[in-house]
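Each chain, written out:
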Amino acid sequence: MAEIVIDHVTKRFGDLAAVDNIDMTFSDGEVACLLGPSGCGKTTLMRILAGLEQPTSGRVLFGGKDVTDLPPRKRNVGMVFQYPVMYPTLSVAENLALPMKYDRALDQSERQRRVDEVLDVLDMRPMARAFIEDLDIGSRQKVAIGRAVARQSEIVLFDEPTTNMGVAAKLQLIHAFKRVTRRLRQTIVYVTHDQTEAMTLADKIALMKAGKILQYDAPHVLYSEPSTAFGGWFMGNPGMNFIPATLQPDGIHAAILAGPIAAPAHLPKGEITIGIRPERVTMSGQAVTGSVPGTLVDQAVGIAGRYLTTVRVGGATVKVNTVGAPPADLGGTVNLMVPHARVMLYVDGVRVAG
Ligand SMILES: Nc1ncnc2c1ncn2[C@@H]1O[C@H](COP(=O)(O)OP(=O)(O)OP(=O)(O)O)[C@@H](O)[C@H]1O
Ligand SMILES: [Mg+2]
């Protein structure tokens, strides 16, 4: 049992709350990605979990045990940070075995068994005797990951282990990583600011901004039902459209809606916007029931059969991502259809319905 409980943890540096009263649980055996923009406090939170930083207030519990005051070496967590320390003149197998060297509970055969197991899942057996200095950067990072999981601690923390890697090496690493984590039931917290990486790896994503966790959900939930406008904007490429809306007696109106959508019973006061993903909006050359006419104001960009178009509708600007080319050229009229079921309703940037 190694669930991680972060109990109202705050970390201040002077006036700045780098971690701001975070209260959440990473479940046992789960791969959780901590996703957020640069400077939002990801590394600070990881360092607190690792014991490299003391929280200003709050507690950290591993498997029900309070570890807040334990030093790093007594926490039994594996760690891989951005630029892992590797021993260039040792072989791959020797590097993997290193963290287990002083673990008296493990005999030689058990150490060897674990090294072999990790070599297998990482698909690195043929490279076991190669020296680190002879490996490319992707393979080195793989060894770093292997080294962190080989000692089979219940918790493993990763802080952007793929930042200095190319896309191909990164993908290879992610596949290796998924194989390892499926095999060994460890609780993993993996920091990234790359949403594709988070969507690919995570069982659940914790979206972080300015020291706070905004949402902690399965990747598809975070993507399709962002609880904040920030989440909708941050996830997706491009992010969600946010269109100004107004409350009227018959419901919520917005320029891109042909008719009103129902307002929730207790709508808080504040600025109302509706959110809709660019790929949920469809376009037609002809006006049809439920469509709204607009002007195509930005040339469509086609990538892998998908087209990204910008459309002006009654003062609002909407990004539309369609399969196949749009039904008009620049300056032409297109008719937009927005499925009401896909519309999210936000007041002051917080989702209230949809
Ligand atoms: N030791 C420190 N002293 C003062 N301020 C710090 C210290 N460590 C971090 N900070 C500040 O705390 C905030 C969060 O930093 P942190 O490194 O945790 O962010 P991050 O999300 O990991 O960013 P990145 O994606 O760039 O790695 C930043 O504003 C940073 O400048
Ligand atoms: Mg960081």
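All figures in this text were calculated on a predicted structure; none of them were measured in a lab.

Some remarks on the overall build of the protein
Counting secondary structure elements, the protein contains 8 helices and 20 strands. Expressed as lengths along the three principal axes of its C-alpha atoms, the size of the protein is roughly 75 × 45 × 35 Å. Contacts in the protein between residues far apart in sequence, at least 24 positions, make up 66% of those at least 6 positions apart. A total accessible area of about 16600 Å² is found for the protein, and carbon and sulfur atoms account for 52% of it. Between the mean site of the 37 positive side-chain charges and the mean site of the 35 negative ones, the protein shows a separation of 2 Å.

Thoughts on the nonpolar core
Counting 45 residues, the largest nonpolar core has Val143, Phe158, Phe177 and Ile205 as its most contacted members. Element by element, the count of residues in this core is highest for helix H4 (residues 137–150), at 6 residues. Non-local contacts of Phe158, meaning those with residues more than four positions away in its chain, are made with Met46, Val80, Ile145, Val149, Phe177, Ile188, Val189, Tyr190 and Val191.

A closer look at the packing of aromatic side chains
Inspection of the entire model under this criterion finds 6 aromatic pairs. Arranged with centres 5.6 Å apart and planes meeting at 90°, the rings of Phe26 and Tyr216 form a pair that is edge-to-face. Of this pair, Phe26 sits in strand S2 (residues 16–26) while Tyr216 sits in strand S10 (residues 212–217), and the two are 190 residues apart along the sequence. With respect to burial, Phe26 and Tyr216 carry one shared label: buried.

Let's talk about the sheet that holds strand S18 (residues 333–337)
If you walk across this open sheet you meet the 5 strands as S14-S18-S15-S16-S17, and the pairing is antiparallel. In this open sheet, the two strands that pair with only one neighbour each are strand S14 (282–284) and strand S17 (316–323). Across the sheet, the mean angle from the axis of one strand to that of its neighbour is 45°, orientation sign disregarded. Here S14 pairs with S18 via 3 bridges, running antiparallel. What sits directly across from Ser284, in S18, is Asn335.

What to know about the site of ligand 1
What surrounds ligand 1 is the set Phe13, Leu16, Ala18, Pro37, Ser38, Gly39, Cys40, Gly41, Lys42, Thr43, Thr44 and Glu160. The contact in question runs from an oxygen atom of ligand 1 to an N or O atom on the backbone of Gly39, over 2.7 Å. Gly41 is positioned with one of its backbone polar atoms (N or O) 3.0 Å from an oxygen atom of ligand 1. Within the complex, 58% of the 630 Å² of free accessible area of ligand 1 lies under protein. Elements with a contribution of two residues or more to the shell around ligand 1: S2 and helix H1 (42–50).

Brief notes about the domain arrangement of the protein
Segmentation of the protein into domains returns domain 1 (4–224) and domain 2 (241–353). Its C-alpha centre places domain 1 at a distance of 40 Å from the equivalent point of domain 2.

Quick notes on the pairing of strand S3 (residues 31–35)
Of all 5 residues in S3, 5 are buried; the element is thus mostly enclosed. Because side chains alternate across S3, one face comprises the buried residues Val31, Cys33 and Leu35, and the other comprises Ala32 and Leu34, equally buried. Where S3 lies against strand S8 (residues 187–192), 5 bridges are found, and the strand directions are parallel. Note on S8: the bridge partner recorded for Cys33 is Tyr190. As paired strands, S3 and strand S9 (residues 204–209) are joined by 4 bridges and run parallel to one another. By the bridge assignment for S9, Leu34 is matched with Ala206.

Considerations on the pairing of strand S20 (residues 350–353)
Of the strand pairs in this sheet, strand S19 (residues 344–347) and S20 are connected by 3 bridges, and their pairing is antiparallel. Considered in S20, the bridge of Tyr346 is made with Arg351.

Regarding H1
Within H1, 7 of the 9 residues are buried, leaving the element largely enclosed by the surrounding structure. Of the positions making up H1, those classed as buried are Lys42, Thr44, Leu45, Met46, Ile48, Leu49 and Ala50. With its phi angle positive at about 90°, Gly51 sits one or two positions after the end of H1.

Points about the pattern of salt bridges
When the charged atoms of two side chains lie near each other, side chains of opposite charge can form a pair. In total, this model carries 12 salt bridges according to the counting rule given. Close ionic contact of Arg59 with Asp7 constitutes a salt bridge, the shortest N to O distance being 3.0 Å. Taken together, the residues Arg59 in strand S4 (residues 57–62) and Asp7 in strand S1 (residues 4–13) connect sequence positions 52 residues apart. We classify Arg59 as partly exposed; its relative accessible area is 38%. Put simply, Glu53 and Lys11 hold a salt bridge, and the shortest N to O gap is 4.0 Å. You can see Glu53 sitting in the loop between H1 and S4 and its partner Lys11 sitting in strand S1, a full 42 residues away along the chain. Taken together, the salt bridges that share partners define one network made up of Glu110, Arg113, Arg114 and Glu117.

How each quantity is defined
Residues numbered from 1 in each chain as written. Chains lettered and ligands numbered in written order. Predicted model: local features only at pLDDT ≥ 70, side-chain atom pairs only at ≥ 80, totals over all residues. Heavy atoms only, no water. Helix = DSSP H or I, 4+ residues; strand = E, 2+ residues; numbered from the N terminus. Contact = heavy atoms within 4.5 Å. Areas by Shrake-Rupley, 256 points an atom, 1.4 Å probe, with all protein chains shown as cover. Lys, Arg positive; Asp, Glu negative; His and termini not counted. Charge placed at Lys NZ, Arg CZ, Asp CG, Glu CD. Core = buried A, V, L, I, M, F, W, Y, C linked by side-chain atoms within 4.5 Å. Buried < 20%, exposed > 50% of the residue type's maximum accessible area, 1.4 Å probe, protein only. Phe/Tyr/Trp six-rings, centres within 6.5 Å; stacked < 30°, edge-to-face > 60°. Pairing = 2+ DSSP bridges. Axes fitted to C-alpha atoms, helices over the stretch in contact; angles between N-to-C directions. Near = heavy atom within 4 Å. Polar contact = N/O pair within 3.5 Å; in protein donor to acceptor, adjacent residues only side chain to side chain. Domains from an automatic or database assignment. Salt bridge = Lys/Arg side-chain N within 4 Å of Asp/Glu carboxyl O.

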